[in-house]
Amino acid sequence: MSSYHLIGHRLCPYVQRVAMVLAQNGIAHKRTDIALDAKPDWFLVLSPTGNVPVLVVDDERTLFEAAAICQYLEAITGKKPCGADAYDLALAQAVVAIGDKLLSLTADLIYRDLSESSVDATMQQIHKQMSIVSDLMPPKAVDADKDLSMLDIVFATVFRPFALIAVGLNRDLFAGFPGLRGWAGDLAKHETVRNAVPATYSRELHEFIACKDGYLANRLRMIPQDTIVLATAKSVM
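Nothing here was measured: the structure is a model prediction, and the numbers come from that model.

Asks: Please explain helix α1 (residues 13-24) as it appears in this structure.
Replies: Owing to its 3.6 residues per turn, the α-helix aligns residues three or four sequence positions apart on the same side. For α1, built from twelve residues, the straight-helix expectation of 16 Å at 1.5 Å per residue is met to within 8% by its first-to-last C-alpha distance of 16 Å. Where burial is concerned, most of α1 is hidden: nine out of the twelve residues are buried. By the burial criterion, the buried members of α1 are V15, Q16, R17, V18, A19, M20, V21, L22 and Q24. With its phi angle positive at about 65°, G26 sits one or two positions after the end of α1.

Spelled out as structure tokens, the structure:
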């Protein structure tokens, strides 16, 4: 039987994606989290890109990039990532690509947007991508007792930080998208999604962003952590 070792970061959405696939498929594995601002030398030897996640298979073979790792894990379990129909599978993969764009835009808010005008431009791009997803994905409930599709898994990571961002910027990222709001709420309550991050996720994400130099970080530093935790908790109730 093969052994698996996931190396990641506690808050990374791409690591969450792999963690959910591992958990959903019942794949036993070891987990090691590293600090992104102080990556150990042994990790840099394993990761060709220097990024998380990395999956070490049988202590000798290494995979990197979340999409590739998830594809591998689905393949070894004999599952298709989004369903049997070829068209539905292709469409889901296309929407996943939009999810990755949304993650990149969220990273802009965290790391790169230093002014309110820059934030405004990024928020416009987020709204544009959300509009595309809303048009392509009719509202559907997520069954708490069933496995998530890869599309669900990806967008669970996309939506997860929105509550904190909404509090920090005083803007509703789901405004005008009731179907996406419902989808996000259902995903947030799913056991696989909840268990992919530490119970202290909101507090840790607040601390992680607040120490950056951007406009969002400056806003979050003015909001007490307890207020953040309560506000984000209410958003998924």
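Asks: Explain the packing of helix α4 (residues 86-112) against helix α5 (residues 116-136) to me, please; I cannot follow it from the model alone.
Replies: Each packed pair of helices is defined by two parameters, the angle between the axes and the distance between the axes. Contact geometry of α4 with α5 gives a least axis separation of 10 Å together with a crossing angle of 165°. Relative to α5, the element α4 is oriented roughly antiparallel. Considering the relative orientation of α4 and α5, their crossing is left-handed. Between α4, through L91, V95, I98, K101, L102, L105, D108 and L109, and α5, the contact on the second element is made entirely by V119, T122, M123, Q125, I126, Q129, M130, I132, V133 and L136. The residue makeup of the contact of α4 with α5, split by class, is 13 nonpolar, three polar and two charged.

Asks: I tried to follow the pairing of strand β2 (residues 30-33) on my own but got confused; where do I start?
Replies: For a regular strand, side chains alternate in direction, first toward one face of the sheet and then toward the other. With four bridges connecting them, strand β1 (residues 4-8) and β2 associate as parallel partners. Residue pairing across strands places L6 opposite R31, the latter belonging to β2. Following the chain from β1 across α1 to the adjacent parallel β2, one finds a crossover that is right-handed.

Asks: Can you walk me through the pairing of β1 in this structure?
Replies: Counting buried residues in β1 gives five out of five residues, a clear majority hidden from the surface. Side chains of β1 alternate between two faces, with Y4, L6 and G8 and H5 and I7 buried alike. Here β1 pairs with strand β3 (residues 54-57) via four bridges, running antiparallel. Bridging from a neighbouring strand, I7 pairs with V54 of β3.

Asks: How should I be thinking about the packing of aromatic side chains in this particular structure?
Replies: Within a pair of aromatic rings, the relevant descriptors are the distance that separates the centres and the angle that separates the planes. Here the structure, examined in full by the defined rule, presents eight aromatic pairs. Judged by centre distance (6.4 Å) and plane angle (90°), the rings of W42 and F43 are edge-to-face. Taking relative accessible area as the criterion, W42 reaches 41% and is therefore assigned partly exposed. Residue placement shows R160 over the ring face of Y201; its charged tip is 5.6 Å from the ring centre. Looking at K212, its charged tip hangs above the ring of F208, at a distance of 3.6 Å from the centre.

Asks: How do you make sense of the pattern of salt bridges when you look at a structure like this?
Replies: Here the structure, examined in full by the defined rule, presents nine salt bridges. Put simply, R10 and E204 hold a salt bridge, and the shortest N to O gap is 2.5 Å. Residue R10 is found in the loop between β1 and α1, and its partner E204 is found in helix α10 (residues 201-210); the two are separated by 194 residues along the sequence. We note a salt bridge from D100 to R17, for which the minimum N-O separation is 2.8 Å. Note that D100 is positioned in helix α4 and R17 in helix α1, a separation of 83 residues in sequence. Within the structure, one salt-bridge network assembled from shared partners comprises E116, D120 and R171.

Each value, and the rule that gives it
Residues numbered from 1 in each chain as written. Predicted model: local features only at pLDDT ≥ 70, side-chain atom pairs only at ≥ 80, totals over all residues. Heavy atoms only, no water. Helix = DSSP H or I, 4+ residues; strand = E, 2+ residues; numbered from the N terminus. Expected span 1.5 Å × (residues − 1). Buried < 20%, exposed > 50% of the residue type's maximum accessible area, 1.4 Å probe, protein only. Axes fitted to C-alpha atoms, helices over the stretch in contact; angles between N-to-C directions. Parallel < 35°, antiparallel > 145°, perpendicular 65-115°, else oblique. Left-handed = near helix turned anticlockwise from the far one by under 90°. Contact = heavy atoms within 4.5 Å. Nonpolar A, V, L, I, M, F, W, Y, C, P; charged D, E, K, R; others polar. Pairing = 2+ DSSP bridges. Right-handed = clockwise from strand over helix to strand, strands pointing away. Phe/Tyr/Trp six-rings, centres within 6.5 Å; stacked < 30°, edge-to-face > 60°. Lys NZ or Arg CZ within 6 Å of the ring centre and 35° of its normal. Salt bridge = Lys/Arg side-chain N within 4 Å of Asp/Glu carboxyl O.

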